[in-house]
Amino acid sequence: MSPPSVPPNSSKIMEAVQNALHGLDVQSIEAIRILSWANSETPALYDRDQTAYLVLGSYRDPYIRRVRAVGDRLNRRYGTYAFLIGDLTDIDLPRLPEFRVKFHITATLSDYVVAVFEQDAGGEINELGKLGETEYFEKAYAFPRAYHWETDAHLSDERDVIAAGAQLMAATDGDHQTKIAELNSLVERADQAGIDTTVEAVTTELERHDIEVPSYSWVHLNDFRLFELHGRCYPWTTEEELFEATDDLPGSPRPEWEQQ
């Protein structure tokens, strides 16, 4: 017997569609296509006893490589299904904003939403706004590259100093001497916080990992700060730190043999 064309949670899916479209009327053929697509593409989110992660981020190179690496690392866990919206087929909705529909359906059905940020513009920044202002916030985790909330009290270790330095070099206007002066001020504050480092050590670390940090706007920094205050912000500067942060996400752990 062929599987039904309508998924068992069709009412939940159509509620997500209404949220995506703010109550816009959906034509019959559009509803059929949406439910048929959901029946084909989303059973892994609810049919099995596993944890589902929606992974968001830039689809441009080289950022997409790290977004996929996060998804691959999550999929190494027991009973896990991590995926990107871009890997799902199209729904064929010429009249409607299809990405919004897919985003709201998958975010609704997923157990967790993981968002990797490396740019100050692009689709992933729009997704940051969606996560911060919708019911998905409670299941979402932000991974902003080299994010640092600029307060002295937040300088707890050398990693914080590196992140602050990277952000400072990206955001500070002026010539090289001006930026070095700003780094000196940062290192002095780090010293007062009991962190032993130098301007040379900070610049060397930034160059060694080729850390390019977007000049995040104050709006973006405030959204990251909100996630941070809720314990769901995982700043990173290197790929190694990104993978370590990924392992801290809730859900089933990676196999013990792989962690050895």
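Just above sits the structure.
The present account deals with the structure reproduced in this document. The residue numbering used here restarts from 1 in each chain and proceeds along that chain's sequence as written. In keeping with the predicted nature of the model, local features appear solely for residues at pLDDT of at least 70, side-chain atom pairs appear and are counted solely at 80 or more, and the whole-chain, interface and lining totals rest on all residues. To obtain the side-chain values, all non-hydrogen atoms of the structure were included, while hydrogens and water were left out.

**Some details on helix α1 (residues 10-21)**
So, step 1. Here a strand is any run of E in DSSP of at least two residues, a helix any run of H or I of at least four, and the numbering for each starts at the N terminus. To estimate how far a helix should reach, multiply one less than its number of residues by 1.5 Å. An ideal rise of 1.5 Å per residue puts 16 Å on 12 residues; α1 measures up with 16 Å between its terminal C-alpha atoms.
So, step 2. Contacts are assigned to residue pairs that have any heavy atoms within 4.5 Å of one another. In this structure, the buried side of α1 is in contact with α2 (28-41) and α5 (98-109).
So, step 3. Directly after α1, the chain includes His 22, whose backbone phi takes a positive value near 55 degrees.

**Considerations on the sheet that holds strand β4 (residues 140-144)**
In a beta sheet, neighbouring strands pair by backbone hydrogen bonds and run either parallel or antiparallel.
So, step 1. Two strands qualify as a pair provided DSSP detects at least 2 bridges between them. A sheet is described by the order of its strands in space; here 4 strands give the open sequence β2-β1-β3-β4, paired in parallel fashion. Each edge of the sheet is formed by a strand with only one pairing partner; in this case those strands are β2 (80-83) and β4. Taking the axes of each pair of neighbouring strands and ignoring which way they run, one obtains an average angle of 20 degrees across the sheet.
So, step 2. Looking at chain direction, strand β3 (residues 112-117) and β4 are connected through 5 bridges and run parallel. When the sheet's bridge partners are listed, Phe 117 is paired in β4 with Pro 144. Axis definition: a line fitted to C-alpha atoms, over the contacting stretch in the case of helices. Angles run 0 to 180 degrees between N-to-C directions.

**Observations concerning the packing of aromatic side chains**
So, step 1. Side-chain rings of Phe, Tyr and Trp (the six-membered ring for Trp) are treated as a pair once their centres are within 6.5 Å; stacked means planes under 30 degrees apart, edge-to-face means over 60, and tilted covers the remaining angles. The full count for this structure, using the stated rule, is 11 aromatic pairs.
So, step 2. Seen from their ring centres, Tyr 81 and Phe 83 are 5.2 Å apart, and the 10 degrees between their planes marks the pair as stacked.
So, step 3. Whether a residue is buried, partly exposed or exposed follows from its accessible area with a 1.4 Å probe, protein chains only, as a fraction of its type maximum: under 20%, in between, or over 50%, in that order. Relative accessible area serves as the criterion here: at 5%, Phe 83 is assigned to the buried category.
So, step 4. Where Phe 103 meets Tyr 136, the ring centres are 5.9 Å apart and the plane angle is 85 degrees; that geometry is what we call edge-to-face.

**Remarks on α2**
So, step 1. With 14 residues, α2 should reach 20 Å at 1.5 Å per residue; the first-to-last C-alpha distance of 20 Å fits that figure.
So, step 2. Buried positions along α2 lie against α1, α3 (43-46) and α5.

**Considering the environment of Asp 90**
So, step 1. Looking at the secondary structure, you find Asp 90 in the loop between β2 and α5.
So, step 2. Overall, Asp 90 belongs to the exposed group, its relative accessible area being 63%.
So, step 3. Remark: the alpha-carbon pair of Asp 90 and Trp 37, spanning 53 residues in sequence, is separated by 8.1 Å.
So, step 4. Contact partners of Asp 90, with chain neighbours within four places excluded, come to Trp 37, Glu 98 and Lys 102.

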